[in-house]
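# A structural walkthrough
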Amino acid sequence: MVSAVRTKKKILVLGSTGSIGRQALSLAAAMPDRLEIFGLAAHSNVGLLLEQARVFHPQAIGLVNEEAGTELRERARSELDPLDCAIYQGAEGIEELAATTEADLALCCMLGTGGLRPTLAALRSGKDIALANKETLVAAGELVTREARSYGVRLLPVDSEHSALFQCLQGELPEAVKRVILTASGGPFLHTSPEDLCRVTVEQALSHPTWRMGNKISVDSATLMNKGLEIIEAHHLFGVGVDRIEVLVHPQSIIHSMVEFVDGSVKAQMGVPDMRLPILYALFYPERVENSEVPGLDLRQTSRLTFQEPDVNRFPCLRLAREALKLGGTMPAVMNAANEAAVGRFIEGNSGFMDIPNTIKQVMKLHDPIFDPSMAQILEADAWARRQAATCGKSGVTHV
Ligand code: MG
């Protein structure tokens, strides 16, 4: 039974100008009686953050980038109608915003490792976390899940696959789970030959067949590293061993993931491929909220649902991510940072598509993992991996 008194949720959006942040705010605009925005933080987009602040009137706003933060401060105060809110800038400023701004829940959707500290700051201030930033669990999964337990806050997955698993696992006992099956769209190069994969362009890599996403995650989907990162996330979120996490290519992206139980029963979660569905579920969990923003699923309009094994030879990133999780300690953080650096260089046009797995593999080979790392050791390993990735890519090694 849904409770008769429907309270308003106070939300903090860390990463409000990115793809997930903008979609969350479109939901907030459509249900002002259910969602109230208390804080907005982003990386460097001054114009869009100001626009959002004028619509939602948060108590605090901020930008990670120092220069952009200074511009934000000037424009927020000097424009005809000055904004009445606290303004933060710089990485530490955003941590302070995340910790001190009043809210029930923080939607953490900042890009890359930069999202780690603000997420932890929000968590340690007792806010529930709706987690869209993959790197938080990939780089610091053990630390973050341990902290969430000790602060008594919920880690609610926003990633569509993990939201699906989370929904399938409601009411089930951990020992009843035989394996979890992450579905993957397969990305734009599902049928591309190994020779052609070496020559694909940035534009091709960015044109995802079913999901509308930011650049970095689009490239991760094309290399299947996105699914590799999701294996690591699933391990930390649901405590399932790496050997019990499978990946199945499902190009229609209608089944978002599945859980198989010990009795042979399989639960799948379905819906149209639209991130606003998992965002809503995370924001209101355990309540399901009426939603007129996203079209319903009409299976009569859907083509066949197909499934196939992923090809780890053409997409070695999937194998590298499994290896990193098995090796443990700081290795997943290193793998993730090497990937971020290599993807950045590919998007800038400075390296080829297959240089991404090559670089990651080389950097992982050079790393001696530190076990049970502190946040400082994780960030150190991350920075080290980025420096290594910059030199590895230039060595001319082209085979994985
Ligand atoms: Mg996903």
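Everything below is about the structure shown above.
Residues numbered from 1 in each chain as written. Predicted model: local features only at pLDDT ≥ 70, side-chain atom pairs only at ≥ 80, totals over all residues. Heavy atoms only, no water.

### What to know about the pairing of strand β2 (residues 35–42)
Burial analysis of β2 places seven of its eight residues in the buried class, which makes it a mostly covered element. Pairing geometry for strand β1 (residues 9–14) and β2, over six bridges, is parallel. Among the inter-strand pairings, Leu-14 is bridged to a residue of β2, identified as Ala-41. Remark: the β1/helix α1 (residues 19–30)/β2 crossover connection has right-handed handedness. (Buried < 20%, exposed > 50% of the residue type's maximum accessible area, 1.4 Å probe, protein only. Helix = DSSP H or I, 4+ residues; strand = E, 2+ residues; numbered from the N terminus. Pairing = 2+ DSSP bridges. Right-handed = clockwise from strand over helix to strand, strands pointing away.)

### Topic: the layout of surface pockets
Looking at the second largest pocket, its volume works out to about 340 Å³. Within the residue set of the lining of the second largest pocket, elements represented by two or more residues are α7 (160–169), β11 (266–270) and α12 (276–284). By residue class, the composition of the lining of the second largest pocket is 12 nonpolar, eight polar and one charged. (1 Å grid on protein atoms, 1.4 Å probe; cavity = no way out; pocket = protein on both sides within 12 Å on 5 of 7 lines; lining within 4 Å. Points joined across faces, edges and corners; volume = space filled by probe spheres on them. Nonpolar A, V, L, I, M, F, W, Y, C, P; charged D, E, K, R; others polar.)

### Considerations on the side chain of Thr-223
In this fold, Thr-223 is placed in helix α10 (residues 215–223). From its side chain, Thr-223 meets the backbone nitrogen of Met-225 in a polar contact 3.1 Å long. Here Thr-223 is in contact with Phe-315, Cys-317, Phe-353 and Ile-356, once residues within four sequence places are set aside. (Polar contact = N/O pair within 3.5 Å; in protein donor to acceptor, adjacent residues only side chain to side chain. Contact = heavy atoms within 4.5 Å.)

### Some thoughts on the environment of Leu-305
The residue Leu-305 is located in the loop between α12 and α13 (317–327) in this model. Considering only alpha carbons, one finds Leu-305 and Val-259, 46 residues apart in sequence, at a separation of 17 Å. Setting aside residues no more than four positions away along its own chain, Leu-305 makes contact with His-250, Gln-252, Ile-254 and Ile-255.

### Let's talk about the coordination of the magnesium ion
At this site the magnesium ion is bound by Asp-159 (OD), Glu-161 (OE) and Glu-230 (OE), with donor distances of 2.1 to 2.2 Å. Mapped onto the sequence, the residues coordinating the magnesium ion show the spacing D-x1-E-x68-E. Of the two residues, Asp-159 sits in the loop between β7 (155–157) and α7 while Glu-230 sits in helix α11 (residues 225–238), which places them 71 residues apart along the sequence. The two residues Asp-159 and Glu-230 agree in class, both being buried. (Donors = N, O, S within 2.8 Å, 3.2 Å for Na, K, Ca; no water.)

### Let's talk about the packing of aromatic side chains
Applying the stated criterion to the full structure yields five aromatic pairs. Their ring planes at 50° and their centres at 4.8 Å tell us that Phe-166 and Tyr-285 sit as a pair that is tilted. In this pair, Phe-166 sits in helix α7 while Tyr-285 sits in the loop between α12 and α13, placing the two residues 119 residues apart along the sequence. Geometrically, the ring pair formed by Tyr-281 and Tyr-285 is edge-to-face, given 5.8 Å between the ring centres and 65° between the ring planes. (Phe/Tyr/Trp six-rings, centres within 6.5 Å; stacked < 30°, edge-to-face > 60°.)

### Regarding α11
Compared with an ideal rise of 1.5 Å per residue, which puts 14 residues at 20 Å, α11 spans 20 Å between its outermost C-alpha atoms and is within 8% of the ideal. Of the residues trailing α11, Gly-239 is marked for its positive phi of about 60°. (Expected span 1.5 Å × (residues − 1).)

### Points about the pattern of salt bridges
Per the counting criterion, the structure on display carries 23 salt bridges. For the salt bridge of Lys-8 with Glu-36, the shortest nitrogen-to-oxygen distance reads 3.9 Å. Highlighted residues: Lys-8 in the segment before β1 and Glu-36 in strand β2, separated in sequence by 28 residues. Accessibility expressed as a relative area gives 32% for Glu-36, which makes it partly exposed. (Salt bridge = Lys/Arg side-chain N within 4 Å of Asp/Glu carboxyl O.)

### Remarks on the packing of α13 against helix α15 (residues 355–366)
Where α13 contacts α15, the two axes come as close as 10 Å, and the packing angle between them is 20°. Classified by the interaxial angle, the pair formed by α13 and α15 is roughly parallel. Crossing handedness for the pair α13 and α15: left-handed. When α13 is examined against α15, the residues Cys-317, Leu-320, Glu-323 and Ala-324 are found in contact with a partner set consisting of Pro-357, Ile-360, Lys-361 and Met-364. For the contact of α13 with α15, the residue count by class is six nonpolar, no polar and two charged. (Axes fitted to C-alpha atoms, helices over the stretch in contact; angles between N-to-C directions. Parallel < 35°, antiparallel > 145°, perpendicular 65-115°, else oblique. Left-handed = near helix turned anticlockwise from the far one by under 90°.)

### Considering the pairing of strand β5 (residues 105–108)
Residues in a regular strand point their side chains to alternate faces of the sheet. The side-chain alternation of β5 yields two buried faces, one formed by Leu-105 and Leu-107 and the other by Ala-106 and Cys-108. Relative to β5, β1 runs parallel, the two being bridged by four bridges. Bridging across to β5, Leu-14 finds its partner in Cys-108. Across four bridges, the pairing between β5 and strand β6 (residues 128–131) is parallel. In the sheet register, Leu-105 faces β6, and the bridge partner there is Asp-128. The β-α-β motif built from β5, the intervening helix α5 (residues 116–124) and the parallel element β6 has right-handed crossover chirality.

### Looking at the packing of helix α2 (residues 46–56) against helix α3 (residues 66–78)
Between α2 and α3, the shortest axis-to-axis distance is 10 Å and the interhelical angle comes to 40°. By the angle between their axes, α2 is oblique relative to α3. The handedness of the crossing between α2 and α3 is right-handed. In this structure, α2 uses Val-46, Gly-47, Leu-49 and Leu-50 to contact α3, whose residues at the interface are Ala-68, Glu-71, Leu-72, Arg-75 and Ala-76.

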